[in-house]
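Below, each chain spelled out in residue letters.
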Amino acid sequence: MFAPFTQQGVIGRAVKTGKLEVEHFNPRDFTHDRHRTVDDRPYGGGPGMLMMVKPLTDAITAAKLAGGEKSKVIYLSPQGKPLTQAGVKSLAEHDNIILLCGRYEGVDERVIESHVDEEWSIGDYVLSGGELPAMVMMDAIARLVPGVLGHSDSAIEDSFSHGLLDCPHYTRPEILDGKAVPNVLLSGDHEKIRQWRLQQSLGRTWLRRPELFNDLALTEEQQRLLDAFQASLQQ
Ligand SMILES: Nc1nonc1C(=O)NCC1CCCCC1
């Protein structure tokens, strides 16, 4: 699952240029029976299986040997803290991260208590395994690693970087099904374009995700632009 992800695109380039290192530790390689068993039945009954403790903790130990004892162990599950850009920024501070990807119905709680530093969720829905959430987290963190993105501004301008939703974007043709690109974007007036984009981000955030303003302290300019946006809707 991870090979295409770590060999293509932003992550692929970062791995190729040595800005990122990705290594896998498969619990199956830490089993000692013929069937390389990694799952076991849950105490208390109930459907499905859990991941066995020993192959998991041995894999984590091996990963720590490779990445260093200071590696942060992260477990991805719906029971984790909801991942936001702020959370990504805090995670990007670590030099080494071990992402524990669950399968079946999950892992023994004692593995989480004894080996996991932080539990994170990428959203309130249930997936079949932790691999896709791990790749989501890897992609979001990698974009913040200096030198990983060609044009670093694009990461800074990413939505949520200022806690706001992204503004609308346009490319050719200038008229599409009778709908024209907003004139300001054709004006070449970079200050006007910056203000328009900021106002659009503020307006969209207000219309679609007003709760995001709870964690934001708007600058005077932002407040002025938002007020004008709201007033324009009253007309
Ligand atoms: N949502 C999520 N956010 O992060 N992970 C998520 C998930 O849905 N993970 C599924 C895994 C969880 C461990 C047991 C097997 C299924």
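Residues numbered from 1 in each chain as written. Predicted model: local features only at pLDDT ≥ 70, side-chain atom pairs only at ≥ 80, totals over all residues. Heavy atoms only, no water.

Going by the annotation in an unreviewed UniProt entry, the name recorded for the chain is tRNA (guanine-N(1)-)-methyltransferase, with Alteromonas gilva given as the source organism. The UniProt entry for the chain carries the following text under Subcellular location (unreviewed entry): "Cytoplasm". Recorded in UniProt under Function (unreviewed entry), the annotation for the chain is "Specifically methylates guanosine-37 in various tRNAs." (UniProt positions renumbered as here; feature names shortened; annotations may be inferred.)

Assigned secondary structure in the chain consists of nine helices and seven strands. In summary, the chain has a C-alpha radius of gyration of 23 Å against a globular reference of 18 Å for 235 residues, an excess of more than 25%. Of the contacts made within the chain by residues no fewer than 6 positions apart, 69% connect residues no fewer than 24 positions apart. Counting 25 positive and 33 negative side-chain charges, the chain places the averaged centre of each group 4 Å from the other. (Helix = DSSP H or I, 4+ residues; strand = E, 2+ residues; numbered from the N terminus. Rg over C-alpha atoms; globule rule 2.2 N^0.38 Å. Contact = heavy atoms within 4.5 Å. Lys, Arg positive; Asp, Glu negative; His and termini not counted. Charge placed at Lys NZ, Arg CZ, Asp CG, Glu CD.)

Annotation from UniProt places "binding site: S-adenosyl-L-methionine" (unreviewed entry) at Gly102, Ile122, Gly123, Asp124, Tyr125, Val126 and Leu127. What makes Gly102 buried here is its relative accessible area of 9%. Apart from residues no more than four positions distant in its own chain, Gly102 is found in contact with Met51, Tyr75, Gly129, Gly130 and Glu131. Along the polypeptide, Asp124 turns up in the loop between β5 (118-121) and α6 (131-142). (Buried < 20%, exposed > 50% of the residue type's maximum accessible area, 1.4 Å probe, protein only.)

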